[in-house]
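Listed here are the chains, written in short residue letters.
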Amino acid sequence: MSYPGGGLRNQLAHVGAEAVRAGLVVGSGGNLSARAPGSDRCWITAAGSWLDRLGPTEFSLIGISRNQLEDGHPHPSSEWRLHTETYRRRPDVNAIVHLHPQVSVLLTALGHDIALMTTDHAYYLREIVTVAFDPPGTLDLAIAAADAVANGANALILRHHGCSVLADSVELAHKRAVNLEEAARATYAALLLSQGRPAQIPAVPAQFLDAVRRDEAQV
Ligand SMILES: [Zn+2]
């Protein structure tokens, strides 16, 4: 099946339903956004909306450059700055998936890196960066997150909180978010099997990862 059409809100509703179904977030946690390519406005899930029940009226429209809420729309998620700060810093990004994936957050809280163990992990994630804790919804966290991805990273862990995954399309951001938690689950299993010795976690061969980062590899 091809990815759903019907506009950006319809695609984000698909991400929300699938993310809850896959256990990447619980009910009303997390928030999703998409910018119409080349525009200064983004759709973002409304405050209190349940990600597995998103209708077209449960999105707010925000002007990115001036943080301006468009009239007639519901109040946006309290974490809206996490999205607008990143869109401003990364003109190449058109979709942001912010979820609270349990294993990714657990490993990072315990000080473990998430290994890029498979070709899919390497291809979709390439690099995983983290930011120190700041309270959710604050401008400090939004700026720290934007700083962390300014170099082009597309997978970010917010310590003790969740992830922010970026892409030029909703579909690719969705794939990256799924692969991030999948990589964390694989790392978790590897830690159990190696009795917690991180040096024993096998990452994909460095040569392949280098090729991915040069856009010279496929999966
Ligand atoms: Zn959050």
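Described below are features of the structure shown in this document. Everything numeric in this text was worked out from a predicted model, so none of it was measured.

Looking at the environment of D168
Part 1 of the argument: Secondary-structure assignment places D168 in the loop between strand 8 (162–167) and helix 6 (170–193).
Part 2 of the argument: The spacing of D168 and R35 is 133 residues in sequence and 9.1 Å in space, taken between C-alpha atoms.
Part 3 of the argument: When sequence neighbours within four positions are dropped, the list of residues in contact with D168 reads D92, V93 and N94.

A look at the sheet that holds strand 7 (residues 155–158)
Adjacent strands of a sheet pair through backbone hydrogen bonds, lying either parallel or antiparallel.
Part 1 of the argument: Ordered by their spatial adjacency, eight strands build an open sheet running 4-3-2-1-5-8-7-6, and the pairing between neighbours is mixed. Both outer strands of the open sheet, strand 4 (68–69) and strand 6 (128–131), are each paired with one neighbouring strand and no more.
Part 2 of the argument: Of the strands in this sheet, strand 1 (31–35), strand 2 (41–45), strand 3 (59–63), strand 5 (95–99) and strand 8 are in contact with helix 2 (residues 80–89), which crosses strand 2 at around 155°.

Description of the nonpolar core
Part 1 of the argument: Among the nonpolar cores identified, the biggest contains 59 residues, and L12, V97, A145, C163, A173 and A177 are the most heavily contacted of them.
Part 2 of the argument: In terms of residue count, the dominant contributor to this core is helix 6 (eight residues).
Part 3 of the argument: Among all residues touching V97, those that are not within four sequence positions of it are V15, L32, V165, A173, H174 and A177.

Regarding the packing of helix 3 (residues 102–109) against helix 6
Part 1 of the argument: It is the contact of helix 3 with helix 6, at a shortest axis distance of 8 Å, that shows an interaxial angle of 55°. Between helix 3 and helix 6, the crossing angle belongs to the class labelled oblique. Considering the relative orientation of helix 3 and helix 6, their crossing is left-handed. For the pair formed by helix 3 and helix 6, the contact residues are V103, S104 and L107 on the first element and L180, E181, A184, R185, T187 and Y188 on the second.
Part 2 of the argument: Looking at the contact of helix 3 with helix 6, its residues break down into five nonpolar, two polar and two charged.

Considerations on the environment of Q11
Part 1 of the argument: Assignment of secondary structure puts Q11 in helix 1 (residues 8–21).
Part 2 of the argument: Owing to 22 C-beta atoms within 10 Å, Q11 belongs among the buried residues under this scheme.
Part 3 of the argument: Excluding anything up to four places from it in sequence, Q11 contacts Y3, P4, A34 and V170.

Some details on unusual backbone geometry
Part 1 of the argument: Positive phi, close to 50°, is recorded for N67, a residue that is not glycine.
Part 2 of the argument: Looking at where N67 falls in the secondary structure, it is placed in the loop between strand 3 and strand 4.
Part 3 of the argument: Its identity is not glycine, yet H160 carries a phi of approximately 60°, on the positive side.
Part 4 of the argument: Inspection of the secondary structure puts H160 in the loop between strand 7 and strand 8.

Here is what the cut-offs are and how they apply
- Residues numbered from 1 in each chain as written.
- Predicted model: local features only at pLDDT ≥ 70, side-chain atom pairs only at ≥ 80, totals over all residues.
- Helix = DSSP H or I, 4+ residues; strand = E, 2+ residues; numbered from the N terminus.
- Contact = placed C-beta atoms within 7 Å.
- Pairing = 2+ DSSP bridges.
- Axes fitted to C-alpha atoms, helices over the stretch in contact; angles between N-to-C directions.
- Core = buried A, V, L, I, M, F, W, Y, C linked by C-beta atoms within 7 Å.
- Buried ≥ 20, exposed ≤ 12 C-beta atoms within 10 Å, placed from the backbone.
- Parallel < 35°, antiparallel > 145°, perpendicular 65-115°, else oblique.
- Left-handed = near helix turned anticlockwise from the far one by under 90°.
- Nonpolar A, V, L, I, M, F, W, Y, C, P; charged D, E, K, R; others polar.

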